[in-house]
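# Chain and residue survey
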Amino acid sequence: MKRIFLTLAVAASVLVGCQENSKDEALDPQQSIDMSDFYVETEEVSHKGGSEQCHSMRVLNRQVKENPGLYKKMYDIEYATRKLTTAKGKPGGGSGGGDVDVLPIEDGLGTINIPVYVHVVLPNANSVSDSQIQAQMNVLNDDFKNPNTNQLPSGATDFINDATDTGIQFTLAGTFRHNDPKSSWGTNDAVKAAYPPITPSTHLNIWVCEIGGGILGYAQFPGGNSSTDGVVLLTGTLPGGSSAPYNMGRTATHEVGHYLNLRHIWGDGRCRQDDFVADTPSSDASNYGCPTYPDVSCKSADMTMNYMDYTNDACMYMFTDGQRNRMRALFASGGARASMLN
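Residues numbered from 1 in each chain as written. Predicted model: local features only at pLDDT ≥ 70, side-chain atom pairs only at ≥ 80, totals over all residues. Heavy atoms only, no water.

## A closer look at the packing of aromatic side chains
On inspection of all chains with the given rule, the structure shows nine aromatic pairs. Consider the rings of Phe144 and Phe319, whose centres lie 4.8 Å apart with planes at 50 degrees: the pair is tilted. Within this pair, whereas Phe144 is found in helix α3 (residues 130-145), its partner Phe319 is found in the loop between β9 (300-301) and α6 (321-328), the two being separated by 175 residues in sequence. A single burial state applies to Phe144 and to Phe319, both of which are buried. Seen in terms of ring centroids, Trp266 and Tyr310 are 5.0 Å apart; in terms of plane orientation they differ by 75 degrees. Their pairing is edge-to-face. Pair noted here: Trp266 is in the loop between α5 (250-259) and β8 (296-297) and Tyr310 is in the loop between β9 and α6, with a separation of 44 residues, a long-range link. Positioned above the aromatic ring of Phe221, the side-chain terminus of Arg263 is 4.6 Å from the ring centre. (Phe/Tyr/Trp six-rings, centres within 6.5 Å; stacked < 30°, edge-to-face > 60°. Helix = DSSP H or I, 4+ residues; strand = E, 2+ residues; numbered from the N terminus. Buried < 20%, exposed > 50% of the residue type's maximum accessible area, 1.4 Å probe, protein only. Lys NZ or Arg CZ within 6 Å of the ring centre and 35° of its normal.)

## Here we look at the state of the cysteines
Using the criterion set out here, one finds two disulfides in the structure. Between the sulfur of Cys271 and that of Cys298 lies a disulfide, 2.0 Å long from S to S. Where Cys271 bonds to Cys298 through sulfur, the torsion about that S-S bond is close to -90 degrees, and the disulfide is left-handed. With Cys271 in the loop between α5 and β8 and Cys298 in the loop between β8 and β9, this pair connects stretches of sequence that are 27 residues apart. On the basis of relative accessible area, Cys298 is assigned to the buried category, the value being 14%. Across the disulfide, Cys290 is cross-linked to Cys315 (sulfur-sulfur distance 1.8 Å). On the sign convention where negative is left-handed, the bridge of Cys290 and Cys315, at about 75 degrees about the S-S bond, is right-handed. A residue pair is termed long-range when its members are at least 10 positions apart, and Cys290 in the loop between α5 and β8 and Cys315 in the loop between β9 and α6 qualify at 25 residues. Overall, Cys290 belongs to the partly exposed group, its relative accessible area being 45%. The class of Cys315 is buried, set by a relative accessible area of 19%. (Disulfide = S-S within 2.5 Å.)

## What to know about the sheet that holds strand β6 (residues 217-219)
Pairing is mixed across the open sheet formed by five strands, whose spatial order is β4-β3-β5-β7-β6. Among the strands making up the open sheet, the edge pair consists of β4 (168-179) and β6. Pairs of neighbouring strands in the sheet enclose a mean axial angle of 20 degrees, with direction left out of account. Examined bridge by bridge, strand β3 (residues 112-122) and β4 share 11 bridges and lie parallel to one another. Residue pairing across strands places His119 opposite Phe176, the latter belonging to β4. (Pairing = 2+ DSSP bridges. Axes fitted to C-alpha atoms, helices over the stretch in contact; angles between N-to-C directions.)

## As for the nonpolar core
Judged by nonpolar contacts, the single largest core of 43 residues is most densely connected at Ile114, Phe144, Phe170, Leu204 and Leu260. Elements with a minimum of two residues in this core: β3, α3, β4, β5 (204-209), β7 (231-234) and α5. When near neighbours in sequence (up to four residues on either side) are disregarded, Ile114 contacts Ile168, Gln169, Phe170, Thr171, Leu204, Leu260, Phe331 and Met340. With 19 residues, the next largest nonpolar core counts Val121, Val232, Tyr246 and Tyr288 among its residues. (Core = buried A, V, L, I, M, F, W, Y, C linked by side-chain atoms within 4.5 Å. Contact = heavy atoms within 4.5 Å.)

## Notes on α5
α5 sits mainly inside the fold: 10 of its 10 residues count as buried. Arg250, Thr251, Ala252, Thr253, His254, Glu255, Val256, Gly257, His258 and Tyr259 are the residues of α5 that are buried. Residues of α5 that are buried in the fold lie against α1 (56-66), α3, β4, β5, β6 and β7.

Distances and angles like these do not, on their own, reveal function.
Given below as structure tokens:
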């Protein structure tokens, strides 16, 4: 594994080098934040027999290299997030040795509504129907509001208290269709440059196109350039699409999670790499397919059914209270996505 080490004069005093933060050793938000944990670049991510599906972390690594100012922005966002989500100075991840329960924070924001613009960029943009786009919106709303604990396997009772209604909903604000002959857009934000986001400070922009390289989607984390803000989805991942078993709309749920500041459930590293959420058990790698419970790593059962893993669409069905709190912190006064509420 390689780490990206970044130098920034205004934050030099808070860098403590290459350290792996244990989920049992969460940092107080008033103390140094080790930003080396933020940018984890790996040569190979198919730890459990699968392949890389989401390119969000690699996109983040590229953006930080290209724009050193992004480092400071993300530091500030993380610092503010930890201040809002910390309980008794312990903001980090769940213990590898057992279940950790997190209470949903009462933030006074009520239901958060995110308006969405969808850009369909295909040789025949009408090949994605209005009903298919609406079906994707329905999946987003259902996933963010209704955890399906009925699907929890026998023995996974610890996870029942973790599953949550995030209090976030999505409204389709408009669909834009662009007939473009390009057959593969890659992950360098070329599709966004060709068809820029519309009012990204107040709207989530989603591009539906052909990506290539076996990538299902990628998102931009909060703090990035507004000209590239949003989520890119492989066409076949929409409900009813051709990318089975990833064609039930859960790629959008996963990528919107990144857009709202969630990391992969395994922290993009081994057992001591943190996803900054207390009630997600430590894991050493992504999971694929529909794992039989318990799939144990790092001395605890993996939360394979979490939307931020790589399992099949049919086998993921929950966010946690800790993830809820982390996402909603973005909408607090002064937060990175607070402008969406106005």
